[in-house]
Amino acid sequence: MTELQVNGETVAVDADGETPLLTVLRDELGLVGSRFGCGQGLCGACVVRLGDAVVPACDTPLWQAEGQPVTTVEGLARDGVPHPVQQALINSQAAQCGYCVSGIVVAAAALLEREPDADADRVAEALDRHLCRCGAQRRIVAAVLAARGSA
Ligand code: FES
Ligand code: FES
């Protein structure tokens, strides 16, 4: 049994330590906001926060998450109010299919926490690993910039 702290709650998971964190989140805990894309740590669809780092959950074994807070896209809203990055994406309808967005929101929220005044280059750099098949990157970067000051 592995004990995890996910989105502020302690949960016990009965899975092999080598199981990808993404599998645990989606299949054991029902947190399906983190998406499966490449399964190889290359597309960013599954990115979650692990402690102070942002990591691809598909490429993170369960044992590595033990003892560190895990934050998924489901954990970003506060009292039902979307995170400012989420709200900015909604306001500008920046996404198209939305498949890439949960990983992007987690990464962008972490960036603005570290660098509240991040400029367009820094936002683009932070999101560079996140593939968006719809080609919405420019609108997504603009939305993240619009969230500065409230994130
Ligand atoms: S599914 Fe994890 S990085 Fe692509
Ligand atoms: S909005 Fe469709 S993959 Fe990014």
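Before any of the text, the structure's been laid out above.
Since the model is a prediction, treat every value here as computed from it, not as a measurement.

## Section: the overall build of the chain
Counting its secondary structure elements, the chain contains six helices and five strands. Along the chain, helices and strands appear, N-terminal first, in the series β-β-α-β-β-α-β-α-α-α-α. Against the 2.2 N^0.38 benchmark of 15 Å for 151 residues, the chain shows a C-alpha radius of gyration of 15 Å, consistent with a compact globule. Seen through its principal axes, the chain has C-alpha atoms that stretch 45 × 30 × 25 Å. Taken across its 151 residues, the chain has 41% of its residues classed as buried. For the chain, the proportion of contacts with a sequence separation of at least 24, taken over those separated by at least 6, is 58%.

## A closer look at the environment of D52
With respect to the secondary-structure elements, D52 resides in the loop between strand 3 (47–50) and strand 4 (53–56). A residue is classified by how many C-beta atoms lie within 10 Å of it, and D52, with 10 of them, is exposed. Each C-alpha atom of the pair D52 and A110 lies 8.0 Å from the other, and the pair is 58 residues apart in sequence.

## Let's talk about the packing of helix 3 (residues 84–92) against helix 6 (residues 137–147)
Contact geometry for helix 3 and helix 6: axes closest at 8 Å, N-to-C directions at 125°. Considered as vectors, helix 3 and helix 6 are oriented oblique to each other. Helix 3 and helix 6 meet at a crossing whose hand is right-handed. Of helix 6, the residues touching helix 3 (which contributes P84, V85, A88, L89 and S92) are R139, I140, A142, A143, V144, A146 and A147. A per-class count over the contact of helix 3 with helix 6 returns ten nonpolar, one polar and one charged.

## Re the pairing of strand 1 (residues 2–6)
Walk down a regular strand and you will see the side chains alternate between the two sheet faces. The sheet contact formed by strand 1 and strand 2 (residues 9–13) spans five bridges and is antiparallel. When the bridges of strand 2 are listed, L4 appears paired with V11. Bridge count between strand 1 and strand 5 (residues 69–71): two bridges; the pairing is parallel. Residue pairing in the sheet places Q5 in a bridge with P69 of strand 5.

## Considerations on the packing of helix 3 against helix 4 (residues 101–114)
In the contact formed by helix 3 and helix 4, the axes pass within 9 Å of each other and the chain directions differ by 125°. In terms of orientation, helix 3 and helix 4 fall into the oblique class. Here helix 3 and helix 4 pass one another in a crossing that is right-handed. Judged by residue contacts, V85, Q86 and L89 of helix 3 engage V101, V105, A108, A109 and L112 from helix 4.

Definitions and cut-offs
- Residues numbered from 1 in each chain as written.
- Chains lettered and ligands numbered in written order.
- Predicted model: local features only at pLDDT ≥ 70, side-chain atom pairs only at ≥ 80, totals over all residues.
- Helix = DSSP H or I, 4+ residues; strand = E, 2+ residues; numbered from the N terminus.
- Rg over C-alpha atoms; globule rule 2.2 N^0.38 Å.
- Buried ≥ 20, exposed ≤ 12 C-beta atoms within 10 Å, placed from the backbone.
- Contact = placed C-beta atoms within 7 Å.
- Axes fitted to C-alpha atoms, helices over the stretch in contact; angles between N-to-C directions.
- Parallel < 35°, antiparallel > 145°, perpendicular 65-115°, else oblique.
- Left-handed = near helix turned anticlockwise from the far one by under 90°.
- Nonpolar A, V, L, I, M, F, W, Y, C, P; charged D, E, K, R; others polar.
- Pairing = 2+ DSSP bridges.

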